[in-house]
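# Inside the fold
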Amino acid sequence: MIIILIFAVSAKTLLNRPLWFDEALTVLNFALLDTPSKIYHSYIIPNNQIIHTIFLHWWIKLFSFDFLRLLPFLCGISCLLFLWQLRKKSSNTAAFVTICVLAFSFPFALYATALRGYILAAMAVSGGAWMVTRYLECGKKSFLAGWFLFSLLSIGTMPGTLAGLAGAMLYAMGYCRWEILKTRRFYLAGFTPLAAFALFYLPIKENLLRCAALGEGWKEGSAMLLALAMGVVFTFLPVMIPAGLGMIKKYRFTPKIFHLLIWFLPIPAAYVFKVAPFPRVFFPLFPVFTLVLADGVKDFLALMRHKRGEKYAETILLAVMAASFLWAGLCRFETLREKLASLHPCPGGQEDFIDCHFMKKSFSPHFTAQKFKEFFPDAPAVYATFDSDPWALMYAFMDNGVESRIFFDGPSGKFPGIPPVAIKHFKEDKAVLEKRFNCRFNEVFTTDNHTFLVPQNE
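Residues numbered from 1 in each chain as written. Predicted model: local features only at pLDDT ≥ 70, side-chain atom pairs only at ≥ 80, totals over all residues. Heavy atoms only, no water.

## A closer look at the overall build of the protein chain
Rules: Secondary structure elements are taken from DSSP: a helix is a run of H or I of four residues or more, a strand is a run of E of two residues or more, and numbering for both begins at the N terminus. C-alpha atoms define the radius of gyration, and 2.2 Å times the number of residues to the power 0.38 defines the globule rule. Between buried and exposed lies partly exposed: a residue is buried under 20% and exposed over 50% of the maximum accessible area for its type, with that area taken using a 1.4 Å probe on protein chains only. Note on areas: these come from Shrake-Rupley sampling with a 1.4 Å probe, and a residue is covered only by the protein chains present in the view. Charged residues are defined here as Lys and Arg on the positive side and Asp and Glu on the negative side; His and the ends of the chain fall outside this count. Where a charge sits is defined by one atom per residue type, namely NZ (Lys), CZ (Arg), CG (Asp) or CD (Glu).
From N to C terminus, the protein chain includes 21 helices and five strands. Over its C-alpha atoms the protein chain spans a radius of gyration of 24 Å, differing by no more than 12% from the 23 Å that the globule rule assigns to 458 residues. Considered along the principal axes of its C-alpha atoms, the protein chain spans approximately 80 × 50 × 40 Å. Relative to its full complement of 458 residues, the protein chain shows a buried share of 54%. Surface accessibility of the protein chain: about 21,300 Å² in total, with carbon and sulfur atoms responsible for 64%. Separation of charge centres in the protein chain, based on 45 positive and 31 negative side chains, amounts to 13 Å.

Rendered as structure tokens:
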């Protein structure tokens, strides 16, 4: 299928990138636990996206540490295939164009090659949208069972995927009559994700509450929503104008109004909680956005056919596809992504869609590990600052046969005494490290990402 080929070409260069903090933490701290049961009961921080971690656990048992990124890559393919199952809800042409734009996009390639659960959750939301749409249409219990299984898969990966499942439900409701609100199947479908949530998290509810109390995210809800909006535009830019023009036409008060509500789903989370979620938590909504945009493209092409004729509509279609190729190519340039991300007036944390630090050429933990082995082959221990990404360094050290043990200040406590070697991010102020250990450090070597330091002999 052309869409899968497009995605494979888009993601190819990202399959060999080094693991960054969250990925390495997932692998080393959770996926390597002895059993899936231990993984399930080790929900101590949100980094353990349980079902994804269990899949990763099995993958490592089958293939060791080879081809790790093929797991999310296969989830990305499955996500696109599930979206294609709903193509007739818009039209084959509109769905093809819009799904291609998603497959081309930098954010989709990023998360479809990441050792995190976002693409697995997005895949489950895509499958869930297919199942719940068919269930509301025909009422077959097999589709309700499929909706439950996809809900369980997505929620067991990330509790925040409830927003994506709500989007799938709203999408399905947009193709029903108002009478669906009076039917039993509507309430069964609406209750299903909540039942899946309760089934999965009630046995570990204390862990869930502790994770929620950690307060990880963005302090400013408005800033988070703007970052998410920028990510959506960055992903779907080539189809946003034609889709938007198609959506402008005057609707009667029909169930299609539910499709408009999908765009507002992230807003409550931005203001209800003390800390707004990271923008990437809403990545599982992107497949639903794709389906809604396809509907807009369909209406726009129909309007062009009516006013200008078939050939004009085909010309626009080719122009959109050409713009998609061009935009996808431009988004691979780091300089452009940096400039686009800088348009955010008040960034509140890790950039999730456009200019992620771990996607920069300077992010090279494996080169750091190789140079460390060259400079300090016998060092028993090394202290790494939090900003130096200690978990990525741990994985790179393991992968490059560096036996030095990495320590950092974390939940397990602070490093005692003065380390024989320290690693900091190259932009960090050395004075902060010197104050931390109450000693002077000499810089030994600096990579594009890290600086090696040793205590100064007084």
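## Quick look at the packing of aromatic side chains
The condition is simple: Here a pair means two rings of Phe, Tyr or Trp (six-membered ring of Trp) with centres within 6.5 Å. Their orientation is stacked below 30 degrees between planes, edge-to-face above 60, and tilted elsewhere.
Taken as a whole and assessed by the stated rule, the structure comprises 42 aromatic pairs. On the basis of an interplanar angle of 35° and a centroid distance of 4.9 Å, the ring pair of Tyr-111 and Phe-283 is categorised as tilted. Note that Tyr-111 is positioned in helix 7 (residues 106-111) and Phe-283 in the loop between helix 15 (266-272) and helix 16 (286-308), a separation of 172 residues in sequence. The residues Tyr-111 and Phe-283 share a single accessibility class, namely buried. Seen from their ring centres, Phe-286 and Phe-289 are 5.9 Å apart, and the 45° between their planes marks the pair as tilted. Pair noted here: Phe-286 and Phe-289 are both in helix 16, with a separation of three residues, about one helical turn. Both residues of the pair, Phe-286 and Phe-289, count as buried.

## Concerning the sheet that holds strand 1 (residues 381-384)
In plain terms, the rule: Paired strands, as defined in this entry, are two strands with at least two bridges between them according to DSSP. Between the N-to-C directions of two axes lies an angle of 0 to 180 degrees, each axis being a line fitted to C-alpha atoms and, for a helix, fitted only over the stretch in contact.
Strand order across the open sheet formed by five strands is 2-1-3-5-4, with mixed pairing between neighbours. Because the sheet does not close on itself, it has two edges, and the strands there are strand 2 (405-407) and strand 4 (441-446). Pairs of neighbouring strands in the sheet enclose a mean axial angle of 30°, with direction left out of account.

## Thoughts on the pairing of strand 1
This is how it is decided: Crossover handedness is defined here as right-handed if the route from the first strand over the helix to the second strand goes clockwise, with the strands pointing away from the viewer.
Of the two faces of strand 1, the one carrying Ala-381 and Tyr-383 and the one carrying Val-382 and Ala-384 are both buried. Where strand 1 meets strand 2, three bridges bridge the pair, whose relative direction is parallel. Its bridge partner lying in strand 2, Tyr-383 is registered against Phe-407. Read from strand 1 through helix 20 (residues 390-399) to strand 2, the crossover connection turns out right-handed. The pairing of strand 1 with strand 3 (residues 422-425) spans two bridges and is parallel. Looking at strand 3, one finds that Tyr-383 is bridged to Ala-422.

## Section: the state of the cysteines
Using the following cut-off: Two cysteine sulfurs form a disulfide in these notes if their separation is within 2.5 Å.
For the structure on display, the rule yields zero disulfides. You can see Cys-176 has no disulfide; the closest cysteine sulfur is in Cys-138, sitting 11 Å from it. The exposure class assigned to Cys-176 is buried, which follows from its relative accessible area of 11%.

## Structural notes on helix 8 (residues 118-138)
Helical periodicity: at 3.6 residues per turn, an α-helix aligns residues three or four positions apart in one direction. The test is simple: What a helix should span is 1.5 Å times the count of its residues minus one.
Here helix 8 contains 21 residues, and its C-alpha end-to-end distance of 30 Å stays within 8% of the 30 Å for a straight helix at 1.5 Å per residue. Within helix 8, 17 of the 21 residues are buried, which leaves it mostly tucked inside the rest of the structure. Downstream of helix 8 by a residue or two, Gly-139 has a phi angle that is positive, lying close to 75°.

## Focus: the side chain of Thr-290
So the rule is basically this: Whether two residues are in contact is decided by their heavy atoms: any pair within 4.5 Å suffices.
Inspection of the secondary structure puts Thr-290 in helix 16. Take Thr-290: its relative accessible area is 1%, and that puts it in the buried class. Here Thr-290 is in contact with Leu-83, Thr-98, Ile-99, Leu-102 and Phe-236, once residues within four sequence places are set aside.

## Some details on the packing of helix 9 (residues 141-157) against helix 11 (residues 184-201)
Just so we agree on the cut-off: Each angle is binned into one of four classes, with values under 35 degrees roughly parallel, values over 145 roughly antiparallel, values of 65 to 115 roughly perpendicular, and all other values oblique. The crossing is said to be left-handed when, going from far helix to near helix, the turn is anticlockwise and less than a right angle, and right-handed when the turn is clockwise. Gly counts as polar in this scheme, as do all residues outside two lists: the nonpolar Ala, Val, Leu, Ile, Met, Phe, Trp, Tyr, Cys and Pro, and the charged Asp, Glu, Lys and Arg.
With their axes 9 Å apart at the nearest point, helix 9 and helix 11 run at an angle of 45° to one another. Classified by the interaxial angle, the pair formed by helix 9 and helix 11 is oblique. Seen along the crossing, helix 9 lies across helix 11 with a hand that is right-handed. Counted together, Leu-144, Trp-147, Phe-148, Ser-151, Leu-152, Ile-155 and Gly-156 of helix 9 and Leu-188, Ala-189, Thr-192, Pro-193, Ala-195, Ala-196, Phe-197, Leu-199, Phe-200 and Tyr-201 of helix 11 form the full contact between these two elements. Considered class by class, the residues forming the contact of helix 9 with helix 11 number 14 nonpolar, three polar and no charged.

## Points about the nonpolar core
Heads up, the rule is: We define the nonpolar core as a collection of buried residues of types Ala, Val, Leu, Ile, Met, Phe, Trp, Tyr and Cys that are connected through side-chain atoms lying within 4.5 Å of one another.
Counting 154 residues, the largest nonpolar core has Phe-7, Leu-80, Phe-108, Leu-136, Phe-236, Phe-283 and Phe-372 as its most contacted members. The leading source of residues in this core is helix 8, at 12 residues. When neighbours within four sequence positions are excluded, Phe-108 is seen to be in contact with Phe-7, Gly-76, Cys-79, Leu-80, Leu-102, Ala-103, Ile-119 and Phe-283. The next biggest cluster of nonpolar side chains, apart from the first, holds eight residues, and it includes Phe-415, Leu-433, Phe-441 and Leu-453.

## Comments concerning the packing of helix 13 (residues 221-247) against helix 17 (residues 310-330)
The N-to-C vectors of helix 13 and helix 17 enclose an angle of 160°; their axes lie 10 Å apart at closest approach. Taken together, the axes of helix 13 and helix 17 are roughly antiparallel relative to one another. Viewed along their axes, helix 13 and helix 17 form a crossing whose handedness is right-handed. Where helix 13 approaches helix 17, its residues Phe-234, Leu-237, Pro-238, Val-239 and Pro-242 are matched on the opposing element by Val-320, Ala-323, Ser-324 and Trp-327. Class assignment for the residues of the contact of helix 13 with helix 17 results in eight nonpolar, one polar and no charged.

## Quick word on the confidence of the model for the protein chain
Note the following rule: Note on scores: pLDDT gives the predictor's confidence for each residue, bounded by 0 and 100.
Confidence in the prediction for the protein chain averages 91 pLDDT; 98% of positions are at 70 or higher. Averaged over each element, pLDDT in the protein chain is lowest for helix 17 (86) and highest for helix 9 (97).

## What about unusual backbone geometry?
When glycine is set aside, most residues are seen to have a negative phi, and most peptide bonds are trans. The backbone phi angle of Phe-67 is positive, close to 55°, even though this residue is not glycine. Among the secondary structure elements, Phe-67 is positioned in the loop between helix 4 (50-63) and helix 5 (70-84). Looking at Phe-67, the relative accessible area reads 58%, which means it is exposed. One non-glycine residue, Asn-438, lies in the positive phi region at around 55°. On the secondary structure map, Asn-438 appears in the loop between helix 21 (430-437) and strand 4. In this structure Asn-438 comes out as exposed when scored by relative accessible area, which is 71%.

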